[in-house]
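Chain by chain, the residues run as shown.
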Amino acid sequence: MDTRTDGRALDPEAPEGSIVSEVGLEREGLRGDWLAVSAKMVVAGSTEEEDGMAGVYITKVPRQ
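Not measured: the values here are computed from a predicted model.

Moving on, we come to a nonpolar patch on the surface. Taken together, the side chains of Trp34, Val56 and Ile58 make up a nonpolar region of the molecular surface, amounting to roughly 330 Å² of accessible area. Among the structural elements, Ile58 can be located in strand β3 (residues 53-60). Given a relative accessible area of 60%, Ile58 falls into the exposed group.

Let us now look at the nonpolar core. Most often, soluble globular proteins keep nonpolar side chains buried together rather than apart. In terms of nonpolar packing, the biggest core is built from six residues, these being Ala14, Val20, Val37, Ala39, Met41 and Tyr57. When residues in this core are grouped by element, the largest group, three residues, is from strand β2 (residues 34-43). Apart from the residues lying within four places of it in its own chain, the contact partners of Tyr57 are Leu10, Asp11, Leu35, Ala36, Val37, Ala39 and Met41.

Moving on: the sheet that holds strand β1 (residues 18-31). Read from one edge to the other, the open sheet built from three strands follows the order β1-β2-β3, with strand pairing classed as antiparallel. Of all the strands in the sheet, the pair left with one neighbour each is β1 and β3. Taking each pair of neighbouring strands and ignoring which way they run, the sheet shows an average axis angle of 25°. Relative to β3, β2 runs antiparallel, the two being bridged by eight bridges. Opposite Trp34, over in β3, you have Lys60 as the bridge partner.

The subject of this paragraph is the environment of Glu16. Structurally, Glu16 can be placed in the loop between α1 (7-10) and β1. Look at Glu16 and you get exposed, because its relative accessible area is 65%. Put simply, Glu16 and Val42 are 26 residues apart on the chain and 9.5 Å apart in space, counted from C-alpha to C-alpha.

How each quantity is defined
- Residues numbered from 1 in each chain as written.
- Predicted model: local features only at pLDDT ≥ 70, side-chain atom pairs only at ≥ 80, totals over all residues.
- Heavy atoms only, no water.
- Patch = residues over 30% accessible without salt bridge, like charges linked within 9 Å, V, L, I, M, F, W, Y side chains within 5 Å.
- Areas by Shrake-Rupley, 256 points an atom, 1.4 Å probe, with all protein chains shown as cover.
- Salt bridge = Lys/Arg side-chain N within 4 Å of Asp/Glu carboxyl O.
- Helix = DSSP H or I, 4+ residues; strand = E, 2+ residues; numbered from the N terminus.
- Buried < 20%, exposed > 50% of the residue type's maximum accessible area, 1.4 Å probe, protein only.
- Core = buried A, V, L, I, M, F, W, Y, C linked by side-chain atoms within 4.5 Å.
- Contact = heavy atoms within 4.5 Å.
- Pairing = 2+ DSSP bridges.
- Axes fitted to C-alpha atoms, helices over the stretch in contact; angles between N-to-C directions.

This is the structure we're talking about:
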């Protein structure tokens, strides 16, 4: 995931045409097998109030 990622690849409910515009690691974001990140998605040419969204996303990290 980076700032070119399609917003719907991260969150299926993200606005159509959105891209990830900001990514952050949550405080204490890596615990055991779990990783928590924050992400903001926007649609090019619109304002955050119109078509933006943000959230905290958690995923299980595979063991190697």
